[in-house]
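Architecture and fold: a report
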Amino acid sequence: MPRSLLQTSVAVSATACLLVAALLSSPAAAFSPTSMPAPGSLRTVSLRSGTSARGALLPKLRLPQLANPVPSVSSLRMAISDEAQISTSGGAGGFFTGSNPEDRRVRPEDRNGRKKFKVVYVVLESQYQSSMTIASKRINAGQENVCVESVGYLLEELRNPATFEAFKKDVEDANMFIGSLIFVQELAEKVIEVVEPLREKLDAVLIFPSMPDVMRLNKVGGFTMAQMGQSKSVIGEFMKKKRQENGASFEGSMLKLLRTLPKVLKYLPSDKAQDARSFMMSFQYWLGGSPENLESLLLMMATTYIHKDAVKQEIAAPVLLPDLGVWHPLAPRVFETAEEYNNWYNTEHCPLIGVDPKTAPTVGVILQKSHINTNDEAHYTSLIQELEARGARVMCVYTGTLDFSVPVEEFFTNSGTVPDSVINLTGFALVGGPASQDHDKAVECLSKLNRPYICAVPLVFQSFEEWKASELGLHPIQVALQVSLPEIDGAIEPIIYGGRDGVTGRTVPLPDRINLVADRALKWANLRMKANAEKKLAISIFSFPPDKGNVGTAAYLDVFGSIHAVGKELRRQGYTMGDFPNTAEALMDMILNDKEARVGSPYLNVEHKMTVEEYNELCPYSEELEENWGKAPGQLNSDGANLLVYGKRFGNIFIGVQPSFGYEGDPMRLLFSKSASPHHGFAAYHTYLERVFGADAVLHFGTHGSLEFMPGKQVGMSGSCYPDRLINSMPNLYYYAANNPSEATIAKRRSYAATISYLTPPAENAGLYKGLKELGELVSSYKGLRENEARGPSIVNSIISSARVCNLDKDILDLPSEEDDAKTMNLDERDSVVGKVYRRLMEIESRLLPCGLHTVGVPPTAEESIATLVNIASIDRPEDNIRSLPRIIADSIGREIEEIYRGNNNGVLEEVSLNQAITEAVRESVRALVERSTNSQGRVEAVNPMASVMDAMTGGNPWVRKLKEKGYDKCDESALAPLFAYLEFCLQQIVKDNELGALIDALDGKYIIPGPGGDPIRNPDVLPTGKNMHALDPQSIPTSAAVDCAKTVVDRLLERLYADNDSKYPQSVAFTLWGTDNIKTYGESLAQVMWLVGVRPVPDSLGRVNKLELIPLEDLGRPRIDVVVSCSGVFRDLFINQMNLLDRAVKMAAEADEPLEQNYVRAHAQEQAEELGISVRDAATRVFSNAAGSYSANVGLAIENGGWEGEQQLQEQFTSRKGFAFNSDKPGQMDAAQAMFKSSLAKVDCTFQNLDSSEISLTDVSHYFDSDPTKVVAGLRTDGKKPMSMIADTTTANAQVRSLSETVRLDARTKLLNPKFYEGMLNSGYEGTREITKRLRNTMGWSATAGEVDNFIYEDANDVFIADPEMQKRLMDSNPNAFRDMIQTFLEANGRGYWDTSEENLDRLRELYQDVEDRIEGVV
């Protein structure tokens, strides 16, 4: 060897170690089993009885090619029967999998004096199981000197204590341990616990891409990764930099380097170099994946490190395929160019299967290479045959890295034949897989491709039997990695299409799911190929609650105005629209006739009468509904003989009224802990859309309908789940409010919706009105005359009197009485009184409220954008190095903004005045920014490019001038510049609009740009609307910023409760967790729960939040507070990983050996363990929700429909429907645990919820009171004491903790009783009147569940809406049905004892009710 090579051998071997370590520490490479497939013969795989993959592709099985493919009823019935044939046995005992590692054990039948070695392996995915089994058997059958015992464990199996003990014993007498893709933190800890103590004893430890702590276990001779992730190096830093610069494509370069290095290291004499070479060769063998490659891996390691030189023959080198290619099960080879593949496919393969390549739709398919490597591709072959049998061309691509954008661009976007739709069968994010994504690159790639992008999901952690039997559906880790992350790329339709066989580990195609994926992909392709004039679109509108005046319900949306706007655009695009009317009012009349809008009555227009015979023929599951609803047609959406489809057809557009759940007014059905099936009318409606009308697509109009909340699995629908059955093969477009990403995500996952976000109405400050306005004027007068001993006290007396008239004494408990004379007070005392009143007035005045309703395609004006921008400007954004404007102003006068907020909250007059002055300065400076770019029509079309030039000529930026006018002339302009640049950008986003454009693109079979949902004030990236909304990576929350905010809120909560409860901390707090709130705040309420129990969330080595640490009591500075967590059904679906985290946190606190008086969690758990006869760990169960597939407590439904007998019924509904426990020790099921739920609630001292957005408050929706347990707790406590009820308000930078009654009063004053709010709603006519009625009904909901609504709220509402004859007429004319509901709500509130009023008021209400009835019935 040359001297120079000898001198550098050690350096090169060290470099190799670092390169490998850096490569394997890459999260993207870490999840790269897809790299470098090995060849294997393309086998004929049996897919159905008597049908092979090869045979199924023959022309005789080809179905007729349809321009508008609609699956036959027989195929739908087959889907059900196919699924029924799948065994549902083998329950997992609370775990997600019950598979047995013994099925993977291979022992030599006869050693014959051979040296034996034992290999134990742990893998995330099962496809290596078959290859490892075959490889082991080949060694035992063919080797003269060695034999092997091998046994494999799936990572998920280690949750089972018995399996974990078996794993320990196996490793104890093993020679070699192999681990791959160990990325689940709690299970990684189990692997480390077993392997680390035995590492030195083991002859070799091979850890392929896994978490750094696991990678450090590697041991191949002298090669280790013991320092991985713990120290920095020049090479390590260089590679980190390169990875950041080049993204996931960097991993491709590293994999090429991995192939080359062993050739260099082979000639170096250093033992370390050879050990590094052995490791890299092992990695190549492993990535190759075939039985032949794994046999070589085992033999190489055995002869080198276990039984020296025991293998005499030469060990075969890794057999590898190209890193990038196009694959087909019947192709002679892998193609490396699209041209080569298309030539073979079009000239040789298409004639064989009877497909015309010139007219056939093309479906692009993205594959995971490890399944090809291991000959585990039956599920791929099955989908290919189904697509081709339907007359489609198919192009399947793969890559050796996890940057799938490379083959997409090379083979799809830039090829001669661009696919009409694309299916990603890997389940991974497009770029970087599940651990290190580049979503921006993915969106850029998919935008260029501009095709519908479906991401189907193969089961990994469960066998298909276990998935079928599971009520939860898809494993939560798979939901996080293979549903949530692809959604951020813009992926749609996470349909399960293949499942692991529990014995062999091979992936089995699920026939009915494969059919569905094929049908839906071709329906999307059909939208590209069909002329607009021929396309049929079904628009579904909602009626909730299902009663008069409620047709066209949607959150903050003018539904009929919006549909009319959509109709005009569709006509412009060439759709066949028939006699579509010229006005929204005419459109509404044609659907509602006389606006009676009673679902189940003849007043709605009936478009189709479906006979029972037609229904039973077309609906394959109709008989299954009879168990809950009897024989068709039933009582709902029926005339007694036929099933009625309500709506109106206009040419090729059908506008239909989606039926209701059906059980709203039935107390017994509301009480059921689990939801039943849809009724016959609901099934008939959706059967009509697909089978009779023949919809090419469905558009669900507004937030939200019932389809996605029908019974079924949480995520990963089966063919027996009702959302899947109802939507079936129809592409589902869904206009969804931008501020509600959680429920939009449910629609995406359960009903396969491609969402299109719409803007909520522009927000305005609530302002002051009537007596509140007069009170504000008195305060202003006092501020000018406060030191005048003659006038000052007199004004204070007037302020006290007016404040009491306005009922502010309910909020200011120490407000002097009217008998007290301010002349006896000194100046400070008078200031204190006025300061507290002023603080409450400003709280009302500055609160944001949405005004009116949004119309799709109509962006807000510049004026309407100001309040939103003011609130954006008021939030610090440290991640962007932007300080809030209030902070910049406060800094300019030498003050801390937190100090000003604190004084304001305490009612210090000087601080309240200063806070209001800063608020006014912020408003005026933001207005100056907006006015600079406003045109003559009052709209912002673009930020004025000449504005900065004009500013320089006129003496500086207008916002700086405005701040100076307000007295703030020392503001740091270097801080103002980035803030106002950001505000300019936000202004552009606010007034942009793509709501109609996105719909047209989707109907043209194009890609909808994805974007986050949430609060545009907290996250302006929500704007502009018209995006395919997504949530967030569930493993990313709570963020460190959310933890900081949570600590502030919890400290304020405990401070208030301590002060209000005789200096005692609460022992237990009942929490409600919401999906949308945690998306908007990045997990603030999650972190609040943890902070109460004294546990801190900790990110793992990959930055995912899945570790916990107990905060020592001395650091906590108070006792650990017990919690009872009630999770919404949506939260359960989106964040079951976080439920696991919460349960582990509570158990950690309960098991801490601490004094009981300092650990209420432990004290209560010990008490309950004795009470219920269970362990302390099981008694520390505190995380509850609905049963899988069920949503809400149905309390809101009962109250909205008035069908409840008493509060006891509501309380029983709450405990029966919300009493299902999550247990992190058995995460595969939600157990009915009403006894534990009630026992925990009985110890609660305070109920608590969060408000995080100005758009949705306590009375805007029924959700908040539906999940409020205040009266439930009072009924369960042994002392009968009603718990305190508190609300955290983080809608502004100045976070507040108020009592529930304070918050209800604030909500009523700013909305229900505020002319700015109700006049804005009345301007929207029919829908606006309904919105007002809804808020009154929701206010009564709080009376029912918490008893925290003051009498004056009902009284003042009666004065506004009932006592005024002119208002009566306006309500009657706009929506008589909603007005009748309003009158009924007032009477019901009185009848149930929530409102005490005069007989005069009651007589007026009764008379009005009869007048409205006569009007509706046509008597008047």
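Residue numbering note: each chain is counted from 1, following its sequence as written. Residue-level local features of this predicted model are given only where pLDDT is at least 70; pairs of side-chain atoms are given and counted only at 80 or more, and the full residue set underlies all totals for whole chains, interfaces and linings. Water and hydrogen atoms were dropped before computing side-chain values, which therefore reflect all heavy atoms in the structure.

Helix and strand definitions follow DSSP, with helices as H or I runs of at least four residues and strands as E runs of at least two, each counted in order from the N terminus. Helix and strand counts for the protein stand at 59 helices and 37 strands. Residues classed as buried in the protein amount to 65% of the 1420 residues present. We call two residues in contact whenever any of their non-hydrogen atoms come within 4.5 Å of each other. Pairs at least 24 apart in sequence give 77% of the contacts found in the protein among residues at least 6 apart. Whether a residue is buried, partly exposed or exposed follows from its accessible area with a 1.4 Å probe, protein chains only, as a fraction of its type maximum: under 20%, in between, or over 50%, in that order.

As summarised here, the arrangement of the three strands in space is E14-E15-E16, forming an open sheet in which the pairing is mixed. The open sheet has two free edges, formed respectively by strand E14 (457-463) and strand E16 (507-509), since each of these has just one partner strand. When the angles between neighbouring strand axes are averaged without regard to direction, this sheet yields 35 degrees. Only strands that DSSP links by at least two bridges are regarded as paired with each other. Pairing of E14 with strand E15 (residues 496-500) involves three bridges; the strand directions are parallel. For Val457, the partnering residue across the bridge sits in E15 and is Ile496. On top of the sheet, helix H15 (residues 378-389) reaches E15 and E16; it is set at about 20 degrees to E16, its chief contact. Lines are fitted to the C-alpha atoms to define the axes, a helix being fitted only along its stretch in contact, and any angle between axes, read from their N-to-C directions, falls within 0 to 180 degrees.

A word on the sheet that holds strand E36 (residues 1284-1289). Adjacent strands of a sheet form backbone hydrogen bonds with each other and so pair up, either parallel or antiparallel. A sheet is described by the order of its strands in space; here eight strands give the open sequence E34-E33-E32-E31-E28-E35-E36-E37, paired in mixed fashion. A single partner strand is all that each edge strand has here, and the edge strands are strand E34 (1230-1232) and strand E37 (1296-1299). Between one strand axis and the next, the sheet turns by 30 degrees as a mean value, whatever way the strands run. As paired elements, strand E28 (residues 1068-1073) and strand E35 (residues 1246-1251) share three bridges and run parallel to each other. Looking at E35, one finds that Val1069 is bridged to Cys1246. Packed on one face of the sheet, helix H42 (residues 1084-1093) meets E28, strand E31 (1122-1127) and E35 and runs near 165 degrees to E28.

Once that is clear, we can look at the packing of aromatic side chains. Here the aromatic set is Phe, Tyr and Trp, taking the six-membered ring for Trp, and pairing holds for ring centres within 6.5 Å; pairs whose planes are under 30 degrees apart are stacked, those over 60 apart are edge-to-face, and all others are tilted. Following the criterion strictly, the structure yields 34 aromatic pairs and no others. For the pair Phe208 and Trp286, a centre-to-centre distance of 5.3 Å together with 25 degrees between the ring planes defines the contact as stacked. Here the residue Phe208 occupies a position in the loop between strand E6 (204-207) and helix H8 (212-215), and Trp286 occupies one in helix H11 (residues 271-288), the gap between them amounting to 78 residues. Classification of Trp286 as buried rests on a relative accessible area of 2%. Our definition puts a charge over a ring when NZ of Lys or CZ of Arg is within 6 Å of the ring centre and also within 35 degrees of the ring normal. In this arrangement the basic side chain of Lys536 is found over the ring face of Phe693, its NZ or CZ atom lying 5.7 Å from the centre.

Below, the discussion takes up a negative patch on the surface. There is a patch of like negative charges on the surface, built from Glu818, Glu819, Asp820 and Asp821. Mapped onto the secondary structure, Glu819 falls in the loop between helix H30 (791-805) and helix H31 (827-845). Using a relative accessible area of 71% as the deciding quantity, one classes Glu819 as exposed. Candidates for patches are residues over 30% relative accessible area with no salt bridge; among them, like charges are joined within 9 Å and nonpolar side chains (Val, Leu, Ile, Met, Phe, Trp, Tyr) within 5 Å. Only the protein chains shown count as covering a residue, and every accessible area follows the Shrake-Rupley method with a 1.4 Å probe. Salt bridge, as used here, is a side-chain nitrogen of Lys or Arg placed within 4 Å of a carboxyl oxygen of Asp or Glu. The sign given to each residue is positive for Lys and Arg and negative for Asp and Glu; His and the chain ends receive no count. To locate a charge, take NZ of a lysine, CZ of an arginine, CG of an aspartate or CD of a glutamate.

With that settled, consider the environment of Thr1247. Tracing the backbone through its elements, the reader meets Thr1247 in strand E35. Aside from chain neighbours lying at most four places away, what touches Thr1247 is Ala1070, Asp1268, Pro1269, Thr1270, Val1273, Pro1283, Met1284, Ser1285 and Met1286. There is a polar contact of 3.0 Å between the side chain of Thr1247 and the side chain of Thr1270. Here Ser1285 takes part through its side chain, which lies 3.1 Å from a polar atom of the side chain of Thr1247. The term polar contact refers here to a pair of N or O atoms within 3.5 Å; inside protein, the definition further demands a hydrogen-donor-capable atom paired with an acceptor-capable atom, and it admits residues adjacent in sequence only when both atoms are side-chain atoms.

On to the packing of helix H6 (residues 161-172) against helix H7 (residues 185-195). Closest axis-to-axis distance for the H6/H7 pair is 10 Å, and the angle between their directions is 35 degrees. Between H6 and H7 lies a crossing whose hand is right-handed. Taking contact as the criterion, the partners of Phe164, Phe167, Lys168 and Val171 in H6 are, on H7, Lys190, Val191, Glu193, Val194 and Val195. Crossings are assigned a handedness: left-handed for a near helix turned anticlockwise from the far helix by less than a right angle, right-handed for a clockwise turn.

Our next topic: the pairing of strand E3 (residues 115-123). Along any regular strand the residues' side chains alternate between the sheet's two faces. Within E3, seven of the nine residues are buried, which leaves the element mostly enclosed by the surrounding structure. Summarising the sheet, E3 and strand E4 (residues 146-154) pair through nine bridges and their orientation is parallel. Considered in E4, the bridge of Val123 is made with Leu154. Examined bridge by bridge, E3 and strand E5 (residues 176-180) share five bridges and lie parallel to one another.

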